[in-house]
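Architecture at a glance
Listed below are the residues making up each chain.
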Amino acid sequence: AQTVTQSQPEMSVQEAETVTLSCTYDTSESDYYLFWYKQPPSRQMILVIRQEAYKQQNATENRFSVNFQKAAKSFSLKISDSQLGDAAMYFCAYRSATLDSSYKLIFGSGTRLLVRP
Amino acid sequence: GAGVSQSPRYKVAKRGQDVALRCDPISGHVSLFWYQQALGQGPEFLTYFQNEAQLDKSGLPSDRFFAERPEGSVSTLKIQRTQQEDSAVYLCASSLARFGNQPQHFGDGTRLSIL
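One structure accompanies this document, and this report is about it.

Parameters at a glance
Residues numbered from 1 in each chain as written. Chains lettered and ligands numbered in written order. Predicted model: local features only at pLDDT ≥ 70, side-chain atom pairs only at ≥ 80, totals over all residues. Heavy atoms only, no water. Contact = heavy atoms within 4.5 Å. Buried area = accessible area lost by both parts, 1.4 Å probe. Salt bridge = Lys/Arg side-chain N within 4 Å of Asp/Glu carboxyl O. Polar contact = N/O pair within 3.5 Å; in protein donor to acceptor, adjacent residues only side chain to side chain. Helix = DSSP H or I, 4+ residues; strand = E, 2+ residues; numbered from the N terminus. Disulfide = S-S within 2.5 Å. Buried < 20%, exposed > 50% of the residue type's maximum accessible area, 1.4 Å probe, protein only. Pairing = 2+ DSSP bridges. Axes fitted to C-alpha atoms, helices over the stretch in contact; angles between N-to-C directions.

**Focus on the interface of chain A and chain B**
- On the chain B side, the residues contacting the 22 residues of chain A number 30 residues.
- Taking both sides of the interface into account, the surface hidden between chain A and chain B amounts to around 2,100 Å²; carbon and sulfur atoms contribute 47%.
- When the buried surface of chain A facing chain B is broken down by residue, Arg43(A), Arg95(A) and Ser102(A) rank first, second and third, together holding 30% of it.
- Joining chain A to chain B, the criterion identifies 0 salt bridges.
- Applying the counting criterion to the chain A and chain B interface returns 10 residue pairs in polar contact (both at pLDDT 80 or more).
- Listing elements by their share of the side of chain A that touches chain B, those giving two or more residues are β5 (32–39), β6 (46–52), β10 (88–96) and β11 (105–107) of chain A.

**Points about the state of the cysteines**
- Tallied over the entire structure, the rule returns 2 disulfides over all chains.
- The residue that forms a disulfide with Cys23(A) is Cys92(A), at a sulfur-sulfur distance of 2.0 Å. Across the S-S bond of Cys23(A) and Cys92(A) the torsion is about -70 degrees, and the bridge reads as left-handed. Taken together, the residues Cys23(A) in the loop between β3 (19–21) and β4 (24–26) and Cys92(A) in strand β10 connect sequence positions 69 residues apart. For the pair shown, Cys23(A) and Cys92(A) are each scored as buried.
- Here Cys23(B) connects covalently by a disulfide to Cys92(B), the sulfurs 1.8 Å from one another. Linking Cys23(B) and Cys92(B), the disulfide has an S-S dihedral of approximately -65 degrees and is accordingly described as left-handed. One end of the pair, Cys23(B), is in strand β3 (residues 19–24); the other, Cys92(B), is in strand β9 (residues 88–95), and 69 residues separate them in sequence. You'll find Cys23(B) and Cys92(B) in the same group, each marked buried.

**Some words on the sheet that holds strand β7 (residues 65–68) of chain B**
All names here are of chain B.
- Spatial strand order, β1-β3-β8-β7: 4 strands in an open sheet with antiparallel pairing. The two strands at the open ends of the sheet, each matched to only one other strand, are β1 (5–7) and β7. Strand after strand, the sheet turns through a mean of 15 degrees between neighbouring axes, direction not considered.
- One ladder, built from 4 bridges, connects β7 with strand β8 (residues 75–79); its direction is antiparallel. From the neighbouring strand, Phe 65 faces β8, where its bridge partner is Ile 79.

Have a look at this one:
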């Protein structure tokens, strides 16, 4: 079974600075997808960024980028130029690409990001 | 609407009562997922529909939990004889297709409190 681990329950960053959130996962599959979701107090899970395991190039979305290390099974999220609106819970998630799977998301326990003004 | 809609937003029930939670996915989305999120935890998968077919219910914690999607659009998650451990946020998500890297779009969830 696949597992996702987020070892940082809470992180804090100064506004305009850079912060990195860690995520490791365990799987025996070779093809899969990885995601970072943001969950503000409103509870809606918002997709931040996604990475296909077969792609070596790290995904980037504006101020958000990932460091995907497939051999190490590591998938960290870097937030540059942090803004007050970035404060939220961040969840790392794994999704199988196997054809007979349900494509359910497997989530980590989350990291609470605090942004100091 | 443009997004996934869930109702009610909050539900309070007494232990032993039955509850029904509704999810209205994005129009045209084939896949629909239900997740349970306990306080301070990440969401955990409950069940998955492709159109009206329930293809995976491996995450349902007991036979008190039942989900349906009879016409392949709106889905209802029903919990019978509720217990305190059922208190959680229930999230619904939909995606356009089963294959590929189609992202799952989430609703705002229903916070269920069992007294």
